[in-house]
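Chain residues, written in single-letter form:
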Amino acid sequence: MTLRLLTAGESHGERLTVILDGVPAGLTVREDDLARDLTRRQGGHGRGGRMAIEHDAAHIVAGVRGGLTLGSPITLEIANRDWENWRQVMAVDAAAVKRKPITRVRPGHADLAGMLKYGADDARDVLERASARETAARVAAGGVAKLLLREFGMQVRSYTRSVGAIEAAVPTPISWDAVEASPVRAPDDAAGEAMVAAIDAAREGGDTLGGVFTVIADGVPPGLGSYRQWDTRLDGLLAQAIVSIPACKAVAIGDGVEGAGLPGSQVHDVPVYDNRRLRHETNRAGGLTGGVSNGEPLVVHGYMKPISTLLKPLATVDLKTREPARAHYERSDICVVPAAGVVGEAMVALVLAGVLLEKFGGDSMAELHRNVESYLQEIRK
Ligand SMILES: Cc1cc2nc3c(=O)[nH]c(=O)nc-3n(C[C@H](O)[C@H](O)[C@H](O)COP(=O)(O)O)c2cc1C
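Residues numbered from 1 in each chain as written. Predicted model: local features only at pLDDT ≥ 70, side-chain atom pairs only at ≥ 80, totals over all residues.

### Overview of the overall build of the chain
We apply this condition: Helical segments are the DSSP runs of H or I of at least four residues, strand segments are the runs of E of at least two, and each set is numbered from the N terminus. Both definitions apply: the radius of gyration is a C-alpha atom measure, and the globule rule equals 2.2 Å times residues to the power 0.38. Neighbour counting defines burial: a residue surrounded by 20 or more other C-beta atoms within 10 Å of its own C-beta is buried, one with 12 or fewer is exposed, and intermediate counts give partly exposed, using backbone-placed C-beta atoms. Here, residue contact means that the backbone-derived C-beta atoms of the two residues sit within 7 Å.
Along the backbone of the chain there are twelve helices and 17 strands. Taken over C-alpha atoms, the radius of gyration comes to 22 Å for the chain, in line with the 21 Å a tight globule of 381 residues would show. Principal-axis analysis of the C-alpha atoms places the extent of the chain at approximately 70 × 50 × 40 Å. Of all 381 residues assigned to the chain, the portion counted as buried reaches 40%. Nonlocal contacts in the chain, meaning residues at least 24 apart in sequence, comprise 70% of its contacts between residues at least 6 apart.

### With respect to the environment of Glu-134
Of note, Glu-134 is situated in the loop between helix H5 (124-130) and helix H6 (135-150). Sequence spacing of Glu-134 and Val-355 is 221 residues, and the spatial spacing of their C-alpha atoms is 23 Å. Setting aside residues no more than four positions away along its own chain, Glu-134 makes contact with Thr-7, Gly-9 and Leu-16.

### Notes on the packing of H6 against helix H11 (residues 337-360)
The packing of two helices is summarised by the inter-axis angle and the distance between the axes. In plain terms, the rule: The convention used is that axes are lines fitted to C-alpha atoms, helices contributing only their stretch in contact, and that angles between N-to-C directions extend from 0 to 180 degrees. The cut-offs work like this: below 35 degrees is roughly parallel, past 145 is roughly antiparallel, 65 to 115 is roughly perpendicular, and the gaps in between are oblique. Whether a crossing is left-handed or right-handed is set by the direction in which the near helix is turned from the far one by less than a right angle, anticlockwise for left-handed and clockwise for right-handed. Only Asp, Glu, Lys and Arg are considered charged, only Ala, Val, Leu, Ile, Met, Phe, Trp, Tyr, Cys and Pro nonpolar, and every remaining residue, Gly among them, polar.
Interaxial distance between H6 and H11 falls to 8 Å at its minimum, and their mutual angle equals 50 degrees. Here H6 lies oblique to H11, going by the angle between them. Crossing angle aside, the handedness with which H6 passes H11 is left-handed. Every residue of H11 that contacts H6 at Thr-135, Arg-138, Val-139, Ala-141, Gly-142, Ala-145, Lys-146, Leu-148 and Leu-149 is listed here: Val-342, Val-343, Glu-345, Ala-346, Met-347, Ala-349, Leu-350, Leu-352 and Ala-353. Tallied by class, the residues present in the contact of H6 with H11 amount to 13 nonpolar, two polar and three charged.

### Considerations on the site of the ligand
Put simply, the rule reads: A molecule or strand has a residue near it when that residue's C-beta atom, placed from backbone coordinates, lies within 6 Å of it.
Around the ligand, the structure places 20 residues, and the nearest of them are Ala-132, Pro-246, Ala-247, Thr-309 and Asp-333. Examining the composition of the shell around the ligand, we find that three residues originate from one element, H11, more than from any other. Residue composition of the shell around the ligand, by class: eleven nonpolar, seven polar and two charged.

### A word on the sheet that holds strand E10 (residues 248-253)
Which entries qualify depends on this criterion: Strand pairing follows a simple DSSP-based rule, namely that at least 2 bridges must link the two strands.
Reading across from one edge, E8-E7-E9-E15-E10 is the order of the five strands in this open sheet, with antiparallel pairing throughout. This sheet does not close on itself; its edge strands, each paired only once, are strand E8 (166-167) and E10. As judged from the two bridges shared by strand E7 (residues 155-163) and E8, these two strands associate in the antiparallel manner. Bridge pairing links Ser-162 to Glu-167 in E8.

### With respect to the pairing of E7
The buried fraction of E7 is high, at eight of nine residues. Strand direction decides the pairing type here: E7 and strand E9 (residues 211-218), joined by eight bridges, are antiparallel. Of the residues in E9, the one forming a bridge with Val-163 is Gly-211. If you look at the hairpin formed by E7 and E8, you'll find two residues sitting between the two strands, and Gly-164 has a positive phi there, around 55 degrees.

### Here's the deal with unusual backbone geometry
Residue Pro-173 follows Thr-172 across a cis peptide bond; omega there is -5 degrees. As for its position among the elements, Pro-173 is in the loop between E8 and helix H7 (176-181). Although it is not a glycine, Arg-185 adopts a positive phi angle of roughly 60 degrees. One can find Arg-185 in the loop between H7 and helix H8 (189-204). Arg-185 gets classed as buried once you count the C-beta atoms within 10 Å, which come to 29. Even without being a glycine, Arg-276 presents a positive backbone phi close to 70 degrees. The topology assignment puts Arg-276 in the loop between strand E11 (271-274) and strand E12 (277-280). On the basis of neighbour counts, which here come to 6 C-beta atoms within 10 Å, the residue Arg-276 falls in the exposed class.

Shown next, in the form of structure tokens:
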């Protein structure tokens, strides 16, 4: 793998740590460049109280000198402000740690499977890492990937397509300013208002909601990814990256879901010469054919299940007493589809940066630019 990401850190631990390995030397990266997406991930109507405590910022601790990457692994740290309130519960030291085991496992969360897997008798030991707090680390790394892609004219953005049963009417072109101004990152105001109301109603009822986010990557050159092997296909890489987002249970590329129910004549994108430039008349395939980018925008949808920690807890069992019980509750989000879209952008950006580097190589940005440019000149012929 050309670009590798490792993250570490518990949800209420001292900090999250990110190592991003494989970024060429000479890319301009500043902490401020990573701040906006971290803030966007924290937002969206439907977030819980935790996000009011955190003000996420990525601190660069390695891999950058004088504003430019060195080609060495980039290391970022994001402090958890809430850690101050959890110092005893999360203490590293055996003598200092305060335990109050969670044994009423939450249906739909990682509690039960994680406890069985690791032989834990306290779901705290599971949920601290299973928690989507880890996605802040991915967004910080994705910010670096976006800076790399921007150098080649690529831009990765997202919007909320649905919340619960409320679907947005997606305009063409999408007004990205309107998406960012919407409290739920919806591309259509009326649907946005209905989504806010649906989230409020869920909160009132002690319930939660899921929905669908859409990530669009513009400016992607044709030829990224490969049908050479199952694990080199760009569609497969994107699917893995998107479904790895906690609570994301399905992924679709372009009109993949709708297309399954239609005849071929209504699905496939016809190539045309437009002023001697090749393009497709439509983009139902979401920019991918044969696991290779085809020059059209990449379109990827992530399907989020509703959050599994409910204010009105579901029935469960207590693993300590083995009796029926109500599930554990701790401060939680009601709906995270707008935030998940931001995480989706990061995942798509990381995958795209990875396949770009795989195809074009280059230890420095200058070398990468030369390689990309010579390929683009060739295919423009
Ligand atoms: C941005 C984001 C925030 C989340 N916040 C919560 C939360 O507050 N409470 C919760 O129970 N699950 C939350 N989740 C989902 C859980 O992390 C996820 O359901 C859990 O780890 C189990 O994994 P699975 O749903 O993929 O099976 C969140 C997910 C994302 C993407």
